[in-house]
Amino acid sequence: MAVRLYDSLTREVRELKPAHKDGVFRFYNCGPTVYAPAHIGNFRTFTVNDVLRRLLDREFGASNVKHVRNITDVDDRTITQAKKEGKPLAEIAKFWTDKFHADCEALNCLKPTVEPTATGHIKEQVDMIEVLMQKGNAYRSADGSVYFKITSFPGYGALSRIKERELKVTNSAFDADHKDDIGDFALWKAYKPEDDGIVQWDGPKGASSGRPGWHIECSAMIKKHLGETIDLHTGGVDLLFPHHENEIAQSQCCNGTSFSLQWYHSEHLLVEGTTMSKSKGNYYTLDSLVQKGYSAIAVRYALLAGHPRKQLNFTLDSLHAADSALKTLRDFRAKLVTAIKEAAAPATSSRFDAAIAPLCDDLNIPGALGKLFTEVNNPLPTDQGVLKADLKSFDEVLHLIGLKLDEVKAKIPAEISHLAQKRWDAKAAKNFALADTLRAELTKAGWAMLDRKDGYSLEALKQ
RNA sequence: GGCGCGGUAGCCAAGUGGUAAGGCCGAGCUCUGCAAAAGCUCUAUGCGUCGGUUCAAUUCCGACCCGCGCCUCCA
């Protein structure tokens, strides 16, 4: 089934296919800046891209999808953080990169094919800057920095529809820098001892030592790992301008070819109706939600429960809804498995296949979940072959959305187990007054005791 | 000011020129020492407002109202 996706550049939904003759789909997703934990707004973009990746793997074969996602390990924020903690930049970057990886794994995101770092590609960036300087697209400023000259690229603004004269003139970045034009942006930032500490590299010919600008890292890593022309470039909407606009300018001027054939931007996750951001302090991290008793997969579900191109307001209620919905899916799958008793050849199609079409149609994940639940609510078939096909298709849909159903059991403290056993014994002895008192104690301690005929289980109550 | 996204039930959220998927919450019933779980049933004559086109509009067009985002290093 062809995978169709909205293209931010042409503003239409287009079928994705590899442009290169080798049949490899080249896909780049702008990755995190590693100076603090990524918040779940960041992870909305990464989980959406993960679903896309899974669809591409299915469509083209996993070995024909090259998915590159970078790590930004040098920029203003990483340097500031390193200075604040009095640690080397590399140490800060490694710490937060490891944390990012752990969170991605918990959220069941596939690893990208390649995950390059900005500091690992200084030479590639310098090389591109030198070409841009030679071609007259970039210039050295008085302090030894290098800027891209946007008037040298007639196509500038095609993606964001922004015109040079529309740029605000009041921005502080303009005053602090040494560029000729408000729209010009830094390719290389000259070393400043007071800001940069010990972070610096040899610069492009004719420029001072220093560090690369933000935008050039993606252009350089794309060129190295995916080539001059790629099939798809993605990120959050906030990257559309200036980051992606600038990448286009740099790469096309340097390489003289088309850069990305398609663009995709996922919308923001909001919290309390406004953008989540580290500067506002109104953000949730994965850890903070896990501490409240929610599973990482419930977080993933909540992040994917809205259409990726629409803003999604994240609330603890929505997370609770996600948690309950996952339980329904888990129970349904168990019922399905139990119903399969005989060896039989699976039927060729299943009612759950209906959930795949919305996914392929511009990543309509909520639409797919709707189809999925519609079928979950229907009675189980009796035919063994049909049941087998249903299980297979159900699992495929869940795999594409990336919802792992294995329940992560909370660790039960010894005193809670002890209380529970006491209550069970009291109940068996028909001492209901004591049993009720003990249940109240368990509830107070944050645990629900669920009785069955043959025993009981304990569940942590959500905070 | 420029560019962009959106307003569908208590909450979240799909969708279509022909009369509103789904999730959560809630309610009722069955079951049950209690509490759950499970099963069954119910929950928008309505899709921001006002016009227009049409046999027919939540869907197309126009105007307006409201919310959010980006506008030089935010996913």
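None of the values given here were measured: they were computed from a predicted structure.

Moving on, we get to the overall build of chain A. Secondary structure summary: chain A contains 16 helices and 15 strands in total. Of the charged side chains in chain A, 61 are positive and 61 negative, and the gap between their average positions amounts to 4 Å.

In terms of domains, chain A is made up of domain 1 (4-266), domain 2 (270-401) and domain 3 (414-460). Between the C-alpha centres of domain 2 and domain 3 there is a distance of 32 Å.

It is worth spelling out the environment of T117 at this point. Relative to the elements of secondary structure, T117 occurs in the loop between α3 (89-106) and α4 (122-134). Residue classification places T117 among the partly exposed residues on the basis of a relative accessible area of 26%. Residues T117 and K430, spaced 313 residues apart in sequence, show a C-alpha to C-alpha distance of 65 Å. The residues touching T117, leaving out its near neighbours within four places in the chain, are I71, D73 and M221.

Right, let's talk about helix α13 (residues 365-376) for a bit. Its 12 residues place the ends of α13 16 Å apart at the C-alpha level, agreeing with the 16 Å of an ideal helix rising 1.5 Å per residue. Taken residue by residue, α13 has I365, A368, L369, L372, F373, E375 and V376 as its buried positions. The buried residues of α13 occupy an angular sector of 160° when the element is viewed end-on, so they sit on one face. Taken together, the buried residues of α13 touch α1 (40-60), α10 (296-304), α11 (316-339), α12 (356-360) and α14 (384-401). At the N-terminal end of α13, a side-chain oxygen is found 2.9 Å from the backbone nitrogen of G367, two or three residues along, and the residue is N364.

On the secondary structure map, D103 appears in helix α3. When the C-alpha positions of D103 and D287 are compared, they lie 8.4 Å apart, and in sequence the two are 184 residues distant. When near neighbours in sequence (up to four residues on either side) are disregarded, D103 contacts F43, L286 and D287.

This part is about the sheet that holds strand β10 (residues 263-266). The 4 strands are arranged β4-β3-β9-β10 in an open sheet whose pairing can be described as parallel. Strand pairing shows two members of the sheet lacking a second neighbour, β4 (65-69) and β10, which therefore form its edges. On average, each strand axis in the sheet is inclined to that of its neighbour by 20°, with strand direction left out of account. Alignment of strand β9 (residues 232-236) against β10, held across 4 bridges, turns out to be parallel. Counterpart to G235 in the pairing with β10 is H265. This element, α1, spans β3 (25-29), β4, β9 and β10 of the sheet and lies at about 175° to β3.

Rules used in this analysis
- Residues numbered from 1 in each chain as written.
- Chains lettered and ligands numbered in written order.
- Predicted model: local features only at pLDDT ≥ 70, side-chain atom pairs only at ≥ 80, totals over all residues.
- Heavy atoms only, no water.
- Helix = DSSP H or I, 4+ residues; strand = E, 2+ residues; numbered from the N terminus.
- Lys, Arg positive; Asp, Glu negative; His and termini not counted.
- Charge placed at Lys NZ, Arg CZ, Asp CG, Glu CD.
- Domains from an automatic or database assignment.
- Buried < 20%, exposed > 50% of the residue type's maximum accessible area, 1.4 Å probe, protein only.
- Contact = heavy atoms within 4.5 Å.
- Expected span 1.5 Å × (residues − 1).
- Arc of directions from axis to C-beta.
- Polar contact = N/O pair within 3.5 Å; in protein donor to acceptor, adjacent residues only side chain to side chain.
- Pairing = 2+ DSSP bridges.
- Axes fitted to C-alpha atoms, helices over the stretch in contact; angles between N-to-C directions.

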